[in-house]
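# Examining the three-dimensional arrangement
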Amino acid sequence: MYRQEDFDGIKKQFTRIMTLMVAGLIFFIVISIVIANKIENWAGMIFLLVGICVEIFVWGVYTAPIFSYYRFIRDLVTGKTREIEGLVKGIGADPVYKDNKLYFYEINIEEDGVERMLLLDDQKEWPQIDINRLYRFEIHENFITNFTPLTEH
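Everything in this summary refers to the structure shown in the same document.

Rules and cut-offs
- Residues numbered from 1 in each chain as written.
- Predicted model: local features only at pLDDT ≥ 70, side-chain atom pairs only at ≥ 80, totals over all residues.
- Heavy atoms only, no water.
- Helix = DSSP H or I, 4+ residues; strand = E, 2+ residues; numbered from the N terminus.
- Buried < 20%, exposed > 50% of the residue type's maximum accessible area, 1.4 Å probe, protein only.
- Phe/Tyr/Trp six-rings, centres within 6.5 Å; stacked < 30°, edge-to-face > 60°.

On to unusual backbone geometry. The phi torsion at Asn 132 lies on the positive side, around 65 degrees, for a residue other than glycine. Within the secondary structure layout, Asn 132 lies in the loop between strand S4 (114-121) and strand S5 (134-140). Positive phi values are uncommon outside glycine, yet Glu 141 reaches one of about 60 degrees. By the element assignment, Glu 141 lies in the loop between S5 and strand S6 (143-149). We classify Glu 141 as exposed; its relative accessible area is 56%.

Right, dumping it as structure tokens:
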């Protein structure tokens, strides 16, 4: 399900937000220097301080999640995947905050008598998974990259 287009899309989004972050930082630095030279040094420092606070806020709220998702998709597209077969025992009702600072649905499966938990990305559209149905999962670590049903329901 993950293709190079997914990676290219998130890479473009990350590049765009980083360009805006750098432009914003340059803007705040230039304006604070102008204010410090024209008005008062303390006014320029306060403007720069406010600008840095805005940059930190934007990084934490917008840029960091995009960067985390970018790294996640990069790993899925460039990393090794393997296939397993398992009977779905349960599906989390709501996404949970896991591993890469992203949200995933927890899928509990039974593989050769052993229960394990797989993670399904909540940012991507997936076909419905039915409980008590056998599936073939393509996984990277414990992240589902694709799945196909093995039995008719």
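This part covers the packing of aromatic side chains. Enumeration according to the criterion identifies 15 aromatic pairs in this entry. Ring plane angle 55 degrees and centroid distance 5.2 Å describe the contact between Tyr 97 and Tyr 103, whose orientation is recorded as tilted. According to the relative accessible area criterion, Tyr 97 is exposed, its value standing at 52%. With a relative accessible area of 42%, Tyr 103 lands in the partly exposed category. When the centroid spacing of 5.8 Å and the interplanar angle of 25 degrees are considered together, the rings of Trp 126 and Phe 147 count as stacked. Highlighted residues: Trp 126 in the loop between S4 and S5 and Phe 147 in strand S6, separated in sequence by 21 residues. Pair check on accessibility: Trp 126 and Phe 147 agree, each one buried.

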